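Chain by chain, the residues:
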Amino acid sequence: MSVLGGRFDGGRVLDLCAGTGAVALEFLSRGVASAVMVERDGRALACLRENVASAKMEHRTHVEEGDVLAVLKRLQGTEPAFDWVFFDPPYDSDIYGPALALLAGAGLLTDEAEVIVESGQGLDDAIVGDRWERLEQRRYGAARFDRLRSADKANAR
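Calculation notes
Residues numbered from 1 in each chain as written. Predicted model: local features only at pLDDT ≥ 70, side-chain atom pairs only at ≥ 80, totals over all residues. Heavy atoms only, no water. Helix = DSSP H or I, 4+ residues; strand = E, 2+ residues; numbered from the N terminus. Rg over C-alpha atoms; globule rule 2.2 N^0.38 Å. Buried < 20%, exposed > 50% of the residue type's maximum accessible area, 1.4 Å probe, protein only. Contact = heavy atoms within 4.5 Å. Areas by Shrake-Rupley, 256 points an atom, 1.4 Å probe, with all protein chains shown as cover. Lys, Arg positive; Asp, Glu negative; His and termini not counted. Charge placed at Lys NZ, Arg CZ, Asp CG, Glu CD. Phe/Tyr/Trp six-rings, centres within 6.5 Å; stacked < 30°, edge-to-face > 60°. Salt bridge = Lys/Arg side-chain N within 4 Å of Asp/Glu carboxyl O. Polar contact = N/O pair within 3.5 Å; in protein donor to acceptor, adjacent residues only side chain to side chain. Expected span 1.5 Å × (residues − 1). Arc of directions from axis to C-beta. Core = buried A, V, L, I, M, F, W, Y, C linked by side-chain atoms within 4.5 Å.

Let us now look at the overall build of the protein. The helix and strand tally for the protein stands at 6 helices and 7 strands. Counting from the amino terminus, the protein carries its helices and strands in the arrangement β-α-β-α-β-α-β-α-β-α-β-β-α. Taken over C-alpha atoms, the radius of gyration comes to 15 Å for the protein, in line with the 15 Å a tight globule of 157 residues would show. Based on the C-alpha atoms only, the size of the protein along its principal axes is roughly 40 × 35 × 30 Å. The burial tally for the protein puts 46% of its 157 residues in the buried class. In the protein, once contacts between residues fewer than 6 apart in sequence are set aside, the share between residues at least 24 apart is 60%. Total accessible area computed for the protein in this model is approximately 7,800 Å², and 48% of it derives from carbon and sulfur atoms. Across the protein, 19 positive and 26 negative side-chain charges occur, with their mean positions spaced 3 Å apart.

Take a look at the structure:
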C-alpha cells in the first residue's frame, strides 16, 4: 500500500481472486470509497463475508461470487469505473492473460487506473503485451508484483 501512496481519496477498487478480502479491506481502511470483491471458493467466500461484517464495511463493498472471467464479462459497462484492480490468482493459473485482456478492453478502468498483479514469477512480457504499460515490478519473497496501466490510456494523456 505504501508503494501506491499509502492514503487514498475516494475511488473504487476491484479485488479479483479476493480470498479473505484483506486487500480490498485494506484499500477501504486507507480511504478508498468502495470495493468489489470477486471470489469463487466457498470457504474463502464465507471468510470474506465474515471479515467484511467484522470490519463493518458492508455498505462500501459488493461481493461477486464466481469465476473471474465470467464476473469481468458481467461487469463490463458498469459505472463507476475502477481506479485500482488487485489480481492475485493461484500462481500456477493460466488466467493471467485472459483476465488482463478483458480488463484492457472492457471499459472497466478509469484513465489513471492501476492494475496490481501478484504472481510467482512476474508477468511475462507476452502477457503484458502492447496493451499494458508496466509501471514497476517488485519482488517480496516468493511473490512478484507488477503495476500496470492501460497503454491506450497512457498514450492518450
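Another point: the packing of aromatic side chains. Each aromatic ring pair is described using two quantities: the centre-to-centre distance and the angle formed by the ring planes. Under the defined criterion, the tally for this structure stands at 6 aromatic pairs. Taking 6.5 Å as the distance between ring centres and 35 degrees as the angle between the ring planes, the aromatic pair formed by Phe-86 and Phe-145 counts as tilted. Here Phe-86, found in strand β4 (residues 82–87), pairs with Phe-145, found in strand β7 (residues 143–150); they are 59 residues apart in sequence, far enough to count as distant. An aromatic cluster is present here, built from Phe-8, Phe-27 and Trp-84 joined pairwise through their rings.

As for its position among the elements, Glu-39 is in strand β2 (residues 34–39). The side chain of Glu-39 sits in the buried core without any salt bridge; Arg-40 is the nearest counter-charge, 5.9 Å away. Polar contacts involving the side chain of Glu-39 include one to the main-chain amide nitrogen of Ala-18, which spans 3.4 Å. Beyond its immediate chain neighbours, meaning those up to four positions away, Glu-39 contacts Cys-17, Ala-18, Gly-19, Ala-44, Leu-45, Leu-48, Glu-64, Glu-65 and Gly-66.

On to helix α2 (residues 42–54). Between its first and last C-alpha, α2 extends 18 Å over 13 residues, near the 18 Å set by a 1.5 Å rise per residue. For α2, the complete set of buried residues consists of Ala-44, Leu-45, Leu-48 and Val-52. Projected down its long axis, α2 carries its buried residues within an arc of 100 degrees, all on one side. α2 presents Arg-43, Glu-50 and Ser-54 as exposed residues on the side facing more than 90 degrees away from its buried surface. Next to the buried residues of α2 lie α1 (22–29), β2 and β3 (61–65). Where α2 begins, one side-chain oxygen reaches toward the backbone nitrogen of Arg-43, 3.2 Å away; that side chain belongs to Asp-41. With its phi angle positive at about 55 degrees, Lys-56 sits one or two positions after the end of α2.

Moving on: the nonpolar core. Judged by nonpolar contacts, the single largest core of 28 residues is most densely connected at Leu-14, Leu-16, Leu-72, Leu-103, Val-115 and Trp-132. Within the residue set of this core, elements represented by two or more residues are β1 (12–16), β2, α3 (68–75), β4, α4 (96–105) and β5 (109–119). No other element matches α4, which puts 6 residues into this core. Beyond its immediate chain neighbours, meaning those up to four positions away, Leu-103 contacts Leu-14, Leu-16, Leu-72, Val-85, Leu-108, Leu-109, Val-115 and Trp-132. Counting 14 residues, the second largest nonpolar core, distinct from the first, contains Phe-8, Ala-35, Met-37 and Leu-48.

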